[in-house]
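Here's the letter readout for the chains.
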Amino acid sequence: MKVALLGAGHIGQTIARLLQGSGDYQVTVMDKNAAALKHLAGQGLATKAVDTEDKGQLAAALRGNDVVVNALPYHLAITAAHMALEAGCHYFDLTEDVAATKEIKRIAQGAKTAFMPQCGLAPGFIGIVAHHLAKRFDSLQDVKMRVGALPAFPTNALKYNLTWSVDGLINEYCHPCEAIHDGAAISALPLEGLEHFSLDGVEYEAFNTSGGLGTLCETWENKVRNLDYKTVRYPGHRDLMMFLLDDLALKNDQEKLKDIMRKSMPATMQDVVLVFVTVSGMKNGVLMQEVFARKIFAERDGEQPLSAIQITTAAGICAAVDLFREGKLPQSGFIRQEEVALPDFLANRFGKAYQQSRQVESIG
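Please read these numbers as outputs of a predicted model, since none were measured by experiment. (Residues numbered from 1 in each chain as written. Predicted model: local features only at pLDDT ≥ 70, side-chain atom pairs only at ≥ 80, totals over all residues. Heavy atoms only, no water.)

Enquirer: Talk me through the state of the cysteines; I want residue IDs and the actual numbers.
Expert: Disulfide: a covalent bond connecting the sulfur atoms of a pair of cysteines. Applying the stated criterion to the full structure yields zero disulfides. Here C119 stays free of any disulfide, with the sulfur of C318 as its closest cysteine sulfur at 10 Å. For C119, a relative accessible area of 1% corresponds to the buried category. Not engaged in a disulfide, the cysteine C177 finds its nearest cysteine sulfur in C174; these two sulfurs lie 10 Å apart. A relative accessible area of 3% places C177 in the buried class. (Disulfide = S-S within 2.5 Å. Buried < 20%, exposed > 50% of the residue type's maximum accessible area, 1.4 Å probe, protein only.)

Enquirer: How would you summarise empty space enclosed by the protein if you had to cite specific residues and measurements?
Expert: The full count for this structure, using the stated rule, is one cavity of 30 Å³ or more. Of the voids in this model, the largest cavity is the one considered here, and its volume is about 40 Å³. What lines the largest cavity is simply V98, E178, T209, S210, G211, G212, L213 and Y229. A per-class count over the lining of the largest cavity returns three nonpolar, four polar and one charged. (1 Å grid on protein atoms, 1.4 Å probe; cavity = no way out; pocket = protein on both sides within 12 Å on 5 of 7 lines; lining within 4 Å. Points joined across faces, edges and corners; volume = space filled by probe spheres on them. Nonpolar A, V, L, I, M, F, W, Y, C, P; charged D, E, K, R; others polar.)

Enquirer: Explain helix α4 (residues 77–87) residue by residue, including any values.
Expert: One turn of the α-helix equals 3.6 residues, which is why residues spaced by three or four share an orientation. All buried positions along α4 are accounted for by A77, T79, A80, A81, M83, A84 and A87. Remark: G88 follows α4 within two positions and exhibits a positive phi of approximately 75 degrees. (Helix = DSSP H or I, 4+ residues; strand = E, 2+ residues; numbered from the N terminus.)

Enquirer: Give a description of the pairing of strand β10 (residues 195–199) that names residues and reports values.
Expert: Bridge count for β10 against strand β11 (residues 202–208) is five bridges, and the pairing is antiparallel. Opposite L199, over in β11, you have V202 as the bridge partner. Hairpin connection from β10 to β11: two residues lie between these consecutive antiparallel strands, with D200 at a positive phi of about 55 degrees. (Pairing = 2+ DSSP bridges.)

Enquirer: Can you explain the nonpolar core? Please cite residues and give values.
Expert: Among the nonpolar cores identified, the biggest contains 73 residues, and I15, F92, F125, M145, L227 and V277 are the most heavily contacted of them. When residues in this core are grouped by element, the largest group, twelve residues, is from helix α11 (residues 308–325). Setting aside residues up to four positions removed in sequence, M145 forms contacts with I126, G127, A130, G212, L213, L216, D228, Y229, K230, F276 and V277. A61, A80, C89 and I104 belong to the second-largest nonpolar core, a separate cluster that totals 26 residues. (Core = buried A, V, L, I, M, F, W, Y, C linked by side-chain atoms within 4.5 Å. Contact = heavy atoms within 4.5 Å.)

Enquirer: Lay out the layout of surface pockets with the relevant residues and their values.
Expert: Regions of empty space are outlined by a rolling probe, equal in size to a water molecule, passed over the atoms. In this structure, the largest pocket encloses a volume near 1,200 Å³. Of the residues forming the lining of the largest pocket, the biggest block, four residues, is contributed by helix α7 (residues 166–174). Its residues assigned to classes, the lining of the largest pocket shows 22 nonpolar, 19 polar and nine charged.

Here is the structure:
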């Protein structure tokens, strides 16, 4: 299967190595970053210099491929999906942007090829887990989804290091958040809904952020009392972000905030990803709760050290593509994350990344 992989950043590089290394995919990495492409070419991967913001260049580059895997920043998702449709390619991406996902769903209507956005960690794996647990109840009360990509050794006041896209981070902090409250879909404010909890002896906070639910609100509206998604951070992070975004009005100048964070906040490869889902409802006349909780840690010992966010994000989209290739997903139109069976995902050669890392507790 010929794959056009858009984006040669840290996540894109990991996806490329996984797919190409499996022996079942012929991957060409496309980006305008010459240095990143040279690095990948040195590892034996096929590369192609393409201005991914130029529709003409992108359309021409995609022709002849079977699948487009988009690991570009979220604001390029709609363009990439349109060009995939034009080129007759199946399409997979990592976007957390709600507006982009709605447009991709529209693009997929009547398409002969498949369109599956939101294939990362959150949205992505977290929705697969929540849907799997929710289906096991006779009636549902509450579905709570919590995910954090955190530095293993925080040293600054925000208790945060850059572990993934700054663009995506600020986007999810600034846009309305989908949720279900008392059975009806609502729009909640980002950074609100603060809560605290502890897991494995560590204290955390969680708060509303945009995009993590994927299509679950549409799937479960009128079937669950409450359903929400929150991002997990170390205590104190939310208040400082509200100071920056609201009190200093940087939500009105997001490019300045991104520039500040890139210049003052070091990235880290030493991180941990926390996945925490709780579902409660009725089973056989008894009110029950099920929990899925895991921590995935960075891998530092191999030839290619990987951060936890690289591992989990790349595993999500590679497993989706692999399950599609195996015929375990619809072969055309819009594909929701909840159409992935959790046992199939965890048994997949790429999805096993969620099995092989340290497990706190798992039910299901």
